[in-house]
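# Results of the structural survey
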Amino acid sequence: KAIVAEEPKVLVTGGTGLVGSHVVDALLEARLTVRCTVRATSKLRWLDGKAVELVEADLTGGELGKAVSGVDGVVHCAGLTRGSRRELMAANHEGTRALLAACGETGQRVRFVFCSSQAAVGPGRPDRPREVTDPPAPVSDYGRSKLAAEEEVLGYSDRLEVSILRPVAVYGPRDEDTLPYFKMASRGFLVAPGLRERLVQLVHVRDVAHAMLKALQRAEAVGRTYFVAHPEVVSWRRMTAAMTQALGRRAVTVRLPSALVGAAGTISELIGGGRRTGQLDRRRARDMAVRAWTCDVDRTIQELDWSPAYDIEEGFRDSAEWYRKEGWL
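Throughout what follows, the structure given in this document is the object of discussion.

Criteria and cut-off values
Counting of residues starts from 1 at the beginning of each chain's written sequence and follows it residue by residue. Local features in this predicted model are restricted to residues of pLDDT 70 or higher, and side-chain atom pairs are both shown and tallied only at a pLDDT of 80 or more, whereas totals for entire chains, interfaces and linings draw on every residue. Only hydrogens and water are removed before side-chain values are computed, so all heavy atoms of the structure are retained for them. Numbering of helices and strands starts at the N terminus; helices are DSSP runs of H or I of at least 4 residues and strands are runs of E of at least 2. For each residue, the accessible area found with a 1.4 Å probe, counting protein chains only, is set against the maximum for its type, and the residue is called buried under 20%, exposed over 50%, and partly exposed in between. Residues count as neighbours in contact if any of their non-hydrogen atoms are within 4.5 Å of one another. Each accessible area is a Shrake-Rupley estimate made with a 1.4 Å probe; only the visible protein chains count as cover when residues are assessed. Any Lys or Arg side-chain nitrogen found within 4 Å of a carboxyl oxygen on Asp or Glu counts as a salt bridge. For this analysis, a ring pair means two rings from Phe, Tyr or Trp (six-membered ring only for Trp) whose centres lie within 6.5 Å, classed as stacked if their planes differ by under 30 degrees, edge-to-face if by over 60, and tilted for the remaining angles. Any two strands with at least two DSSP-identified bridges between them are counted as paired. Each axis is a line fitted through C-alpha atoms, and for a helix only the stretch in contact is used; angles between axes span 0 to 180 degrees, taken between their N-to-C directions.

To continue, consider the overall build of the protein. What the protein contains, in helices and strands, is eleven helices and 14 strands. Expressed as a percentage of the 329 residues in the protein, the buried residues total 51%. When contacts within the protein are restricted to residue pairs at least 6 apart in sequence, those whose partners lie at least 24 apart make up 79%. Summed over its atoms, the accessible surface of the protein is roughly 14600 Å², and 50% of this surface lies on carbon and sulfur atoms.

Now the structure itself:
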């Protein structure tokens, strides 16, 4: 069933983050009633002035009954992308399990949309994108924590209406992880990983948010898993060209062997602790060494009636304009 209550209420976890805050925007535009979980330490800058109900709750500390009470749907975006294996599993796996348990205790068949990641199942190959039906092969602790969370979600299929969405590399307004690349390009240089060309698929954060909305709305999404990416596969060469074009300037691209990128990630993590937003760490260095972060999105486009609004040129222009407007560039 789709969410058809007279005043549908949707809980968003991670609503103060990149994807979650854009999900909140998409839900409000769709005239849904939105509730967000926040913590005492949460920065509310992306929620300020918006018609959302805030409930203080920590996914790793329980007290989730109030957060899920009376909701028709949940979009679970909260999670950790950096940290030790233990920290990642606690936030992404155990936190998801706690939220599912709270939803299960309501006795209602809540629509539960989980924002996972392609990292949960691993990359594609230069000659073949990753398929939803391929056996999972995560290559990082982050990916393994997301896969464990996916397994928890599927375990509630008999009690909740679950859907799993796996975005690829997400970028756009409010994104602090892609910002360093824009800053490098604005200074006239860019670093590309590997001596052989790498292939990637990207997705603008607003397109991710609208895919989450579609998963809430469409009956076809129940029990299904989807990749979320622009269908176009691009090379790092094309990506850097689009970035410099968006910034309106030229930049020299320097290709570094994957081993050097990996060493830089290790050193950066040791010096900075691997927790600063936008920081190159060992996981990101390993991800950059992968030949093809690609996936098949045909199912997503067909079953969710979803079509990304931003190709790489338009998306990077939008990002650059937002960064400049906010004084980040």
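The discussion continues.
Attention now moves to the pattern of salt bridges. Applying the stated criterion across every chain yields a total of 21 salt bridges. E161 serves as the salt-bridge partner of R111, at 3.1 Å between the closest nitrogen and oxygen. Of the two residues, R111 sits in strand β5 (residues 111-115) while E161 sits in strand β6 (residues 161-167), which places them 50 residues apart along the sequence. A single salt-bridge network, built from bridges that share partners, covers K9, R35 and E53.

This part is about the packing of aromatic side chains. On inspection of all chains with the given rule, the structure shows nine aromatic pairs. Pairing W322 with Y323 gives two aromatic rings, centres 6.0 Å apart and planes at 70°, and the pair type is edge-to-face. Its relative accessible area of 0% is what places Y323 among the buried residues. Seen from their ring centres, Y323 and W328 are 6.0 Å apart, and the 20° between their planes marks the pair as stacked.

Another aspect to go through is the pairing of strand β4 (residues 73-76). Across the two faces of β4 the burial is the same, with G73 and V75 and V74 and H76 all buried. One ladder, built from four bridges, connects strand β1 (residues 9-13) with β4; its direction is parallel. Across the sheet, residue V10 finds its bridge partner in β4, namely G73. Pairing geometry for β4 and β5, over four bridges, is parallel. Its bridge partner lying in β5, H76 is registered against F114.

To continue, consider unusual backbone geometry. In this model, R174 sits at a positive phi of 80°, which is unusual for a non-glycine residue. With respect to the helices, strands and loops of the structure, R174 is situated in the loop between β7 (169-171) and α5 (179-186). Look at D305: it is not a glycine, yet its phi comes out positive at around 50°. For D305, the position within the fold is in the loop between α10 (298-303) and α11 (312-325).

With that settled, consider the side chain of T37. Residue placement: T37 occurs in strand β2 (residues 33-38). Relative accessible area serves as the criterion here: at 8%, T37 is assigned to the buried category. Not counting chain neighbours up to four residues away, the residues in contact with T37 comprise L11, V12, T13, G14, V55, A57, L59 and A67.

Pairing in this open sheet of seven strands is parallel, and the strands run β3-β2-β1-β4-β5-β6-β11 from one edge to the other. In this open sheet, the two edge strands, each paired with only one partner strand, are β3 (52-56) and β11 (225-228). Taking each pair of neighbouring strands and ignoring which way they run, the sheet shows an average axis angle of 20°. Sheet analysis places β5 next to β6, joined by five bridges and oriented parallel. If you follow C115 over to β6, its bridge partner there is L165. Helix α4 (residues 141-154) contacts β5 and β6 of the sheet and is inclined by roughly 170° relative to β5. The strands touched by helix α6 (residues 205-217) are β1, β4, β5, β6 and β11; relative to β5, the strand with the most contacts, the crossing angle is about 155°.

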